[in-house]
Amino acid sequence: MRRLLESGWRPTPFRQFILKLHSRCNLACDYCYMYEMADQSWRRQPRRMSGPTIDRVAARIAEHAEANGLDSVEVILHGGEPLLVGVDHMRYALTALRSALAPGVELVARVQTNGVQLNEGFLSLFADLNVYVGVSLDGDKEGHDRHRRNASGRGSYEQVRAGIERLTAPAYRHLFGGLLCTLDLANDPVTTYEALLRFRPPVLDFLLPHGNWTTPPPGWSSTGSPYGDWLVAVFDRWYRAPERETQIRMFSQIIRLVCGRPSRSEGIGLSPVAVVVIETDGSIEQVDTLKSAYDGAAGTLLHTFRDSFDAALLLPSIAARQIGARALSDECAACELARICGGGLYPHRYRPGSGFRNPSIYCRDLYRLIGHIRRTVTDDVADLTRADPRTPELLAPGG
């Protein structure tokens, strides 16, 4: 860290705070990185974040915003399943967060939920406090229920569908933050995409199943690119539609990078990751998807009752997510797509013995997808340039 600081590097302040309001879940999804993978620390966490802990976390966020001159912060209420805390406790948390921030500092509040308990009580609260709601949905009923089931084995699609329909009713649609879908090779890509489109989401996030070089994802191939092929099929359906039906975050970020703009996502590109997690007991952690790598991978020794978020910025493990190309493996650094790929999502790079300084387990898949998108966009820009020579100038950063 000293060498980094002496070189002139400075950390990027946290702008996104993920609050683990509840450490348990009312579903038993078989691919869940929280409950089904290497790190089982959830078992030692309090079920829900207490009032005093919420107050302390809110004060620490306000302190960080003031110390770093931030005019807005984003807080994502997460879990487990955050709605398990109940409407009253949710209101307490949101009110505490807003009250702690200094005048002029905007709070962008979001909830990420499985949708099962998304009822009128929560929706009324979210409307009162302007909270955006993201819901996890894995496509159509067959595709969703294959993995996203309750403890008895019953699929959750119908409950989630009902929750989304309440959310997308006219009174609440403005709160709809989008859908999050974990990719499954067993599901047809275009069928999955069109099933999600049924709800007219403003944004779609397709997530690659968490895996690494120790525990590869289902259906992974060392010689092929099945996940890249799946995503290419969705991209072509999305990109060639007569009108833009929704935003797909992964594709939009790759197109930004192809056009020379910076990434706004931790999963692609080399922009500094400015995200921190606060567990239900108030402890400070790195991004929670690291729990898929090994036991303790996300942990730090910091706690909001004694440590500031500025202290977390100086941890080598967090700095590694902010130093861009310097954290890449030699193989990634030599790749023609390194600036766009950014090495892939950090947890997917893990290999015992070399840690995270490796290509992503999805290297071949990302190469397939990014290469396809780059060729498609480059060809379209060339066609547009023939029609209007000003096109490259208009697409350049700042254009």
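Scroll up to find the structure.
These lines cover the structure that appears in this document, whether it is placed above or below.

Procedures and definitions
- Residues numbered from 1 in each chain as written.
- Predicted model: local features only at pLDDT ≥ 70, side-chain atom pairs only at ≥ 80, totals over all residues.
- Heavy atoms only, no water.
- Helix = DSSP H or I, 4+ residues; strand = E, 2+ residues; numbered from the N terminus.
- Rg over C-alpha atoms; globule rule 2.2 N^0.38 Å.
- Buried < 20%, exposed > 50% of the residue type's maximum accessible area, 1.4 Å probe, protein only.
- Contact = heavy atoms within 4.5 Å.
- Areas by Shrake-Rupley, 256 points an atom, 1.4 Å probe, with all protein chains shown as cover.
- Core = buried A, V, L, I, M, F, W, Y, C linked by side-chain atoms within 4.5 Å.
- Salt bridge = Lys/Arg side-chain N within 4 Å of Asp/Glu carboxyl O.
- Arc of directions from axis to C-beta.
- Polar contact = N/O pair within 3.5 Å; in protein donor to acceptor, adjacent residues only side chain to side chain.

Re the overall build of the chain
Inference 1: When helices and strands are tallied, the chain shows 15 helices and 10 strands.
Inference 2: A compact globule built from 399 residues should have a C-alpha radius of gyration of about 21 Å, and the chain, at 21 Å, falls within 12% of that.
Inference 3: When the 399 residues of the chain are sorted by exposure, 55% land in the buried category.
Inference 4: Long-range pairs, those at least 24 residues apart, make up 72% of the contacts in the chain between residues at least 6 apart in sequence.
Inference 5: Of the roughly 17300 Å² of accessible surface on the chain, a fraction of 52% belongs to carbon and sulfur atoms.

Side note on the nonpolar core
Inference 1: If you look at the biggest cluster of nonpolar residues, it comprises 97 residues, and the most contacted ones within it are Phe17, Leu19, Ile61, Met90, Phe126, Phe206 and Phe251.
Inference 2: The greatest single-element share of this core, amounting to 8 residues, is contributed by helix α8 (residues 226-239).
Inference 3: Discounting chain neighbours no more than four positions away, the residues touching Phe251 are Leu231, Val234, Phe235, Trp238, Leu369 and Ile373.

Some points on unusual backbone geometry
Inference 1: Along the chain, Gly79 connects to Gly80 via a cis peptide bond; the corresponding omega equals 20 degrees.
Inference 2: Not every positive phi belongs to a glycine, and Asn130 is a case in point at roughly 55 degrees.
Inference 3: Phi is positive for Arg200, close to 50 degrees, though the residue is something other than glycine.
Inference 4: Within the secondary structure, Arg200 is located in the loop between α7 (189-197) and β6 (203-207).

Some points on the pattern of salt bridges
Inference 1: Applying the stated criterion across every chain, the model contains 19 salt bridges.
Inference 2: Between Glu63 and Arg60 there is a salt bridge, and its shortest N-O distance comes to 3.0 Å. Residue Glu63 and its partner Arg60 are both found in helix α2 (residues 51-67); the two are separated by 3 residues, about one turn of the helix.
Inference 3: Overall, the relative accessible area of 9% leaves Arg60 in the buried class.
Inference 4: For Asp145, the salt bridge is made with Lys141, and the minimal N-O distance between the two is 3.1 Å. Placement of the pair is Asp145 and Lys141 together in helix α5 (residues 141-145), with a separation of 4 residues, close to one helical turn.

Here we look at helix α4 (residues 120-129)
Inference 1: Of all the positions in α4, only Phe122, Leu123, Leu125, Phe126 and Leu129 are classed as buried. Looking straight down α4, one finds its buried side chains confined to an arc of 160 degrees; they lie on one side.
Inference 2: Structurally, α4 contributes buried residues whose contacts are with α3 (87-100), β3 (106-113), β4 (131-136) and α6 (157-167).
Inference 3: Taking the backbone nitrogen of Gly121 as reference, a side-chain oxygen 3.1 Å away marks Asn119 as the first, capping residue of α4.
Inference 4: Of the residues trailing α4, Asn130 is marked for its positive phi of about 55 degrees.

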